[in-house]
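Chain residues, written in single-letter form:
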Protein chains: 2
Amino acid sequence: MIAEILSTGDEIRSGAVIDSNSAHIAEKLEEAGLEVVRHSCVGDDPDRIEAVLKDIGGRADVAVVTGGLGPTTDDLTSEAAAKAAGADLALDDMALRSVTDFFEKRKYPMSRSNEKQTMLPKGAKCIYNPVGTAPGFMLKIDQCLFFFLPGVPFEMKRMLSEGVLPEIRKLQQDDRRIFMVKTISTFGLGESIAGEQVANLTEEFPGIRLGLRAKFPEIQIKLYADGEDEKVLTEQIGKAAEWVLQRMGKWVFSVDGASMEMAVGELLNRKKATVAVAESCTGGLISHSLTNVAGSSDYFLFSGVTYSNEAKMRVLGVSPDTLRQYGAVHEETAKEMAEGVRRVAGSTYGLSTTGIAGPGGGTDEKPVGTVCIGLAGPDGVRARRFHFSFGRRSMNKTIFAVTALNMLRKELLI
Amino acid sequence: MIAEILSTGDEIRSGAVIDSNSAHIAEKLEEAGLEVVRHSCVGDDPDRIEAVLKDIGGRADVAVVTGGLGPTTDDLTSEAAAKAAGADLALDDMALRSVTDFFEKRKYPMSRSNEKQTMLPKGAKCIYNPVGTAPGFMLKIDQCLFFFLPGVPFEMKRMLSEGVLPEIRKLQQDDRRIFMVKTISTFGLGESIAGEQVANLTEEFPGIRLGLRAKFPEIQIKLYADGEDEKVLTEQIGKAAEWVLQRMGKWVFSVDGASMEMAVGELLNRKKATVAVAESCTGGLISHSLTNVAGSSDYFLFSGVTYSNEAKMRVLGVSPDTLRQYGAVHEETAKEMAEGVRRVAGSTYGLSTTGIAGPGGGTDEKPVGTVCIGLAGPDGVRARRFHFSFGRRSMNKTIFAVTALNMLRKELLI
């Protein structure tokens, strides 16, 4: 089945907001076995929304539309959808319940402007919104079944998984196909080299479709399978994953879509170990990443973002002699930072970064993109130097941070 | 003039990568005075690219297309563009120079696969790429002038500003209009309330167009003006900005598009002051934000991400009694953290956060979304408690961090 995605709203059309909804929807629809062929975006203009709905209606089998279901006068999607379908708007009982439930649960008074949200095109089927005021709906326009959802990301995600994907599975039941996807996340190889490593997977496993996805700085290897027998598919995809792991094991950090910081957190939890971080050039990004994981307070104790040499000495106890002799960006300094932060925090592991994120501060000997990473643990301390050539500060911070976390991850695997 | 934007590539179509290019291009085109009406995205499929190019060619005056100009076999945009224009591909001298310059400057050998990038549709005009291998080009298809750029964001941005916008200005010269935009960034008001505050701006200044843009957690007020006399426009837009500042002054943190961390950095630089941060619930995000600004090492000395009480005591010298009596999330603890980090780092200011980002850890008295922010400086120390109700961990971390930076910003204004 051919699918399209449409986002509506002036904030996306004008570039004020980056459209992350469409990527999420595309990923979920592809995982469900649909072929997503086009995304579109138009602003809060009812004529343009109607026109693009009609275009899509003539091309796709299924479409997901986000935005324009709010209570204000520039929320015009229901109206445009009704026009495109040649229907009128009418009060919908389930939409009314979705809106009133929201206000009753929160003991807020319902505003008059929300009444608008209870009106759906005749012939539409309401999609209940458990977390916001805007009910969604499904509606056939021309040959295509449209799912209309609010643009607020967490409302959209909840309704997509609870209200849309089950309906799509029902549509697919006629041909009783099951869709599976397995995500293997790697770090340390470029996309083209990773691609070469697994290039003949489809020869070995003709039933498996291979996808390569670069989410800087990681490369995800995605395995897709579809068929009629769940047990056969599980076995097929499992064997293919095994084959990938044999070729790529060293570079793989998760087999369930988990991020690097989630993978590290899980290993720390499993080993009942704790970590503290001494960050110079990563400027807090390692701690920010680690603490983005809910429950990280179980294993993350402390990070010292020691930009100045003064702070490196005072907080981490780095020796003035080391800084004088080797400079701030050096393996010896990284080692003392890692040991220092481990001692200060009383953690199992101490992880440190010191380097040059740019744009300034580079020298011939230590150009922008140089980083020294230190790791102290129960078995002692070591440090390694890396050079990256991404040039941009934000990319350097990111690759430095992930490289450091990966060094800790490997240590935790021993 | 009506503009459209097209991004190509399977990684965006399938949702593996979020399309940030289109938002950037939309913003720049709107600032240049074009009316961006639609974005589209299709995958690496030459027939679908050709079809969408023809669609756009029949609707828009100007279009910017990204992606598919690389050296590999799935980079098919030039071919599809040639077909859509009914032209053949031919070696282009400037494209050849763009590609060979790139390799010569870097002293890399040029690979055979890059030869493909020197072939443009006949009738196209090359857009030089100063930072990558893929030359862009401009080409008329049907009634629309297309600009084709590579999908790599930093290459695209550079070529958009150096190769595309000047051409668009030339097109506009026939009606000799000048376009101006002024961005006033506010924090602390919701979008609807901010909107009410400035609602009758267009009555007072009929020549100014008003735009409101939510970039969580800030709200940008954008003033657009266009006309023939630059001096008149500068005066008009200046007066309108003055009017906005009078109404919104308290909430405004920058008038040049600068982020909160840039605004704080500039004030610290101007006052020759330094800052150190003690972060609990923000988990390193404040330091990460501050150090995203190039040159931040001039004023940012240290951040202690003290998740554990142990670290709060050991590194920042928070008293065990305070922690026992008030708990970790309290104004008194925030004060001692701010004083402690200021003392440890020897900085002019100490800024601290302690709170509950969620999803767990909330109580009736201190629900998820509670944060205490401490600020220590030459004039003493104070702390404030805030409650936010965003529910999600990442949004809470963000709003906590920006609220803390804003508290420092206000202090620096005194």
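Along every chain, residues carry numbers that run from 1 in the direction the sequence is written. Going through the entries in the order they are written, you letter the chains from A and number the ligands from 1. Where totals are concerned, whole chains, interfaces and linings use all residues; where local detail is concerned, this predicted model gives features only for residues with pLDDT of at least 70, and gives and counts side-chain atom pairs only at 80 or more. The side-chain numbers reported here are obtained from all heavy atoms of the structure, hydrogens and water having been left aside.

### Topic: the overall build of chain A
Then, number 1: Tallying secondary structure elements over chain A gives 15 helices and 17 strands in all.
Then, number 2: Judged by the C-alpha coordinates and their principal axes, chain A covers about 80 × 55 × 40 Å.
Then, number 3: When accessible area is computed with a 1.4 Å probe and restricted to protein chains, residues below 20% of their type maximum are described as buried, those above 50% as exposed, and intermediate ones as partly exposed. For chain A, buried positions account for 56% of its 414 residues.
Then, number 4: The contact criterion used throughout is that any non-hydrogen atoms of two residues lie within 4.5 Å. Residue pairs in contact within chain A that sit at least 24 positions apart in sequence constitute 67% of those at least 6 positions apart.
Then, number 5: Reported accessibility uses the Shrake-Rupley method at a 1.4 Å probe radius. Residues are deemed covered only where the shown protein chains occlude them. For chain A, the exposed surface amounts to about 17,300 Å²; the carbon and sulfur share of it is 49%. Secondary structure is summarised from DSSP: a helix means a run of H or I of at least four residues, a strand means a run of E of at least two, and numbering begins at the N terminus for each.

### Quick look at the side chain of Ser254 of chain B
Residue and element names in this part refer to chain B.
Then, number 1: Assignment of secondary structure puts Ser254 in strand β12 (residues 252–254).
Then, number 2: On the basis of relative accessibility, which here comes to 6%, the residue Ser254 falls in the buried class.
Then, number 3: A distance of 2.8 Å separates the side chain of Ser254 from the backbone oxygen of Ala258, its partner in a polar contact.
Then, number 4: Beyond its immediate chain neighbours, meaning those up to four positions away, Ser254 contacts Thr183, Ile184 and Ser185. Throughout this description, a polar contact denotes any pair of N or O atoms lying within 3.5 Å of each other; where both atoms belong to protein, one of them has to be capable of donating a hydrogen while the other can accept it, and for residues adjacent in sequence the pair is counted only when both atoms sit in side chains.

### A short note on the interface of chain A and chain B
Then, number 1: Listed per partner, the contact involves 63 residues of chain A and 63 residues of chain B.
Then, number 2: Here's the idea: put two parts together, see how much 1.4 Å probe accessible area each one loses, and the total over both is what we call buried area. Carbon and sulfur atoms make up 54% of the area that chain A and chain B hide from each other, which totals about 4,800 Å².
Then, number 3: Three residues, Arg13, Arg38 and Tyr307 of chain A, lead the burial of chain A against chain B; their summed loss comes to 12% of the area buried on that side.
Then, number 4: Salt bridge criterion: a side-chain nitrogen from Lys or Arg within 4 Å of a carboxyl oxygen from Asp or Glu. Across the chain A-chain B interface, the total number found is six salt bridges.
Then, number 5: Where Glu35 of chain A meets Arg48 of chain B, a salt bridge forms, and the shortest distance between an N and an O atom there is 4.0 Å.
Then, number 6: There are 34 residue pairs in polar contact (both at pLDDT 80 or more) connecting chain A and chain B.
Then, number 7: Only Asp, Glu, Lys and Arg are considered charged, only Ala, Val, Leu, Ile, Met, Phe, Trp, Tyr, Cys and Pro nonpolar, and every remaining residue, Gly among them, polar. Taken together, the residues of the side of chain A that touches chain B break down into 27 nonpolar, 20 polar and 16 charged.
Then, number 8: Note: two strands are recorded as paired if DSSP finds a minimum of 2 bridges between them. Where strand β2 (residues 35–42) of chain A meets strand β2 (residues 35–42) of chain B, five bridges bridge the pair, whose relative direction is antiparallel.

### Concerning the pattern of salt bridges
Then, number 1: Under the definition given, this model contains 40 salt bridges over all chains.
Then, number 2: Two residues, Lys125 of chain A and Glu167 of chain A, come together in a salt bridge whose shortest N-O distance is 3.0 Å. With Lys125 of chain A in strand β6 (residues 125–127) and Glu167 of chain A in helix α6 (residues 153–172), the pair connects residues that are 42 residues apart, well separated along the chain.
Then, number 3: Look at Lys125 of chain A and you get partly exposed, because its relative accessible area is 44%.
Then, number 4: Judged by its relative accessible area of 15%, Glu167 of chain A is buried.
Then, number 5: Taking the shortest distance from any N to any O, the salt bridge between Lys222 of chain B and Glu27 of chain B comes out at 3.2 Å. On the criterion of sequence distance, the pair formed by Lys222 of chain B in strand β11 (residues 218–227) and Glu27 of chain B in helix α2 (residues 21–31) is long-range, its members being 195 residues apart. There is no split in this pair, since Lys222 of chain B and Glu27 of chain B are both buried.
Then, number 6: One salt-bridge network, in which partners are shared between bridges, spans Asp10 and Arg13 of chain A together with Glu30 of chain B.

### So, α6 of chain A
A turn of α-helix holds 3.6 residues, and therefore any two residues three or four places apart point the same way.
All names here are of chain A.
Then, number 1: Note on bend: at a given residue it equals the angle between the axes fitted to the 7 residues ending there and to the 7 starting there. At Leu160, α6 is deflected by roughly 45°, the largest bend along its length.
Then, number 2: The complete set of buried residues in α6 reads Glu155, Met156, Met159, Leu160, Gly163, Val164, Leu165, Glu167, Ile168 and Gln172.
Then, number 3: Packing partners of the buried residues in α6 comprise α2 (21–31), β3 (62–66), β6, β7 (136–141), β8 (144–149) and β9 (178–187).

### Re the domain arrangement of chain A
One frequent convention defines the size of an interface as the accessible area lost when the parts assemble.
All names here are of chain A.
Then, number 1: Parsing chain A into structural domains produces domain 1 (2–175), domain 2 (178–254) and domain 3 (262–413).
Then, number 2: As annotated, the domain borders come from an automatic or database domain assignment. Just the C-alpha atoms count here: the centres of domain 1 and domain 2 sit 33 Å apart.
Then, number 3: Every contact between the two is made by six residues of domain 1 and, on the other side, five residues of domain 2.
Then, number 4: Summing the contributions of domain 1 and of domain 2, the shared interface buries around 580 Å²; its carbon and sulfur component is 45%.
Then, number 5: Area buried by domain 1 at its contact with domain 2 is led by Glu27, Glu30 and Glu31, which between them contribute 72% of it.
Then, number 6: There are two salt bridges connecting domain 1 and domain 2.
Then, number 7: Ionic pairing is found between Glu31 and Lys222, a salt bridge with its closest N-O pair at 3.5 Å.
Then, number 8: For the pair domain 1 and domain 2, the number of links is two residue pairs in polar contact (both at pLDDT 80 or more).
Then, number 9: The element that contributes the greatest number of residues to the side of domain 1 that touches domain 2 is α2, accounting for three residues.

### Regarding the environment of Lys231 of chain B
All names here are of chain B.
Then, number 1: Counting through the fold element by element, Lys231 comes out in helix α9 (residues 230–248).
Then, number 2: Assessed through its relative accessible area of 69%, Lys231 is described here as exposed.
Then, number 3: C-alpha of Lys231 to C-alpha of Arg213: the two residues are 18 residues apart in sequence and 27 Å apart in space.

### Describing the sheet that holds strand β12 (residues 252–254) of chain A
Residues and elements named next belong to chain A.
Then, number 1: Spatial strand order, β10-β11-β9-β12: four strands in an open sheet with antiparallel pairing. Each edge of the sheet is formed by a strand with only one pairing partner; in this case those strands are β10 (208–215) and β12. Neighbouring strand axes in the sheet, compared pairwise and without regard to direction, differ in orientation by 35° on average.
Then, number 2: In this structure, β9 lies alongside β12, joined through two bridges in antiparallel fashion. Residue pairing in the sheet places Ser185 in a bridge with Ser254 of β12. Throughout, an axis means a line fitted to C-alpha atoms (over the contacting stretch in the case of helices), and angles, computed between N-to-C directions, take values from 0 to 180 degrees.

### Description of helix α4 (residues 77–85) of chain A
Then, number 1: Listing the buried residues of α4 of chain A in full gives Thr77, Ser78, Ala80, Ala81, Ala82 and Ala84 of chain A.
Then, number 2: Positive phi shows up at Gly86 of chain A, right after α4 of chain A, with a value of about 70°.

### Let's talk about the environment of Ile178 of chain A
Then, number 1: Residue position: Ile178 of chain A is located in strand β9.
Then, number 2: Taking the C-alpha atoms as reference points, Ile178 of chain A and Glu230 of chain A, 52 residues apart in sequence, are found 6.7 Å from one another.

### Some details on the pairing of strand β13 (residues 275–279) of chain A
All names here are of chain A.
Then, number 1: Of all five residues in β13, five are buried; the element is thus mostly enclosed.
Then, number 2: As for the winding sense of the linkage, the β-α-β connection from β13 through helix α11 (residues 285–291) to strand β14 (residues 300–306) is right-handed.
Then, number 3: Bridge analysis of β13 against strand β15 (residues 349–355) gives five bridges, and the strand direction is parallel. Each residue of the ladder has a partner; that of Val277, found in β15, is Leu351. By convention, orient the strands away from the viewer: a clockwise path from the first strand over the helix to the second makes the crossover right-handed.

### Observations regarding the sheet that holds strand β15 (residues 349–355) of chain B
Then, number 1: One open sheet holds the 10 strands; their spatial order is β17(A)-β16(A)-β15(A)-β13(A)-β14(A)-β14(B)-β13(B)-β15(B)-β16(B)-β17(B), and the pairing between them is mixed. Either end of the sheet is taken by a strand with one partner, and the two such strands are β17 (380–387) of chain A together with β17 (380–387) of chain B. The average undirected angle you get between the axes of adjacent strands in this sheet is 10°.
Then, number 2: Taken strand by strand, helix α12 (residues 309–316) of chain B contacts β14 of chain A together with β13 (275–279), β14 (300–306) and β15 of chain B, and its axis lies near 145° from that of β14 of chain B.
Then, number 3: Sheet strands in contact with helix α14 (residues 331–345) of chain B are β13, β14, β15, β16 (370–377) and β17 of chain B, and its direction is about 145° off that of β15 of chain B.

### Concerning the relation of the copies chain A and chain B
Then, number 1: A residue counts toward the fit only if its pLDDT is at least 70 in both copies, and the copies are then superposed by least squares on the C-alpha atoms of those residues. Superposition record for chain A on chain B: RMSD 0.1 Å, screw rotation 180°, translation along axis 0.1 Å. The superposition operator between the copies reduces to a two-fold rotation axis.
Then, number 2: Comparing contact sets, 100% of the residues at the interface of chain A also lie at the interface in chain B, consistent with an isologous, same-surface contact.

### Some thoughts on the packing of aromatic side chains
Then, number 1: Each Phe, Tyr or Trp ring (for Trp, its six-membered ring) is paired with any other whose centre lies within 6.5 Å, and the angle between the two planes then decides the class: stacked below 30 degrees, edge-to-face above 60, tilted in between. Following the criterion strictly, the structure yields 14 aromatic pairs over all chains and no others.
Then, number 2: Consider the rings of Phe102 of chain B and Phe103 of chain B, whose centres lie 5.3 Å apart with planes at 85°: the pair is edge-to-face. Each member of the pair, Phe102 of chain B as well as Phe103 of chain B, is classed as buried.
Then, number 3: Between the aromatic rings of Phe388 of chain B and Phe400 of chain B, the centroid separation amounts to 6.2 Å while the plane-to-plane angle is 45°, which identifies the pairing as tilted. Of this pair, Phe388 of chain B sits in the loop between β17 and α15 (393–413) while Phe400 of chain B sits in helix α15, and the two are 12 residues apart along the sequence.
Then, number 4: On the accessibility criterion, Phe388 of chain B (18% relative accessible area) is buried.
Then, number 5: In this structure Phe400 of chain B comes out as buried when scored by relative accessible area, which is 0%.
Then, number 6: Charges are assigned to positions over rings by a cutoff of 6 Å between ring centre and Lys NZ or Arg CZ, combined with an angular limit of 35 degrees from the ring normal. For Arg209 of chain A, the ring lying beneath its charged end belongs to Tyr224 of chain A, and the centroid distance is 4.5 Å.

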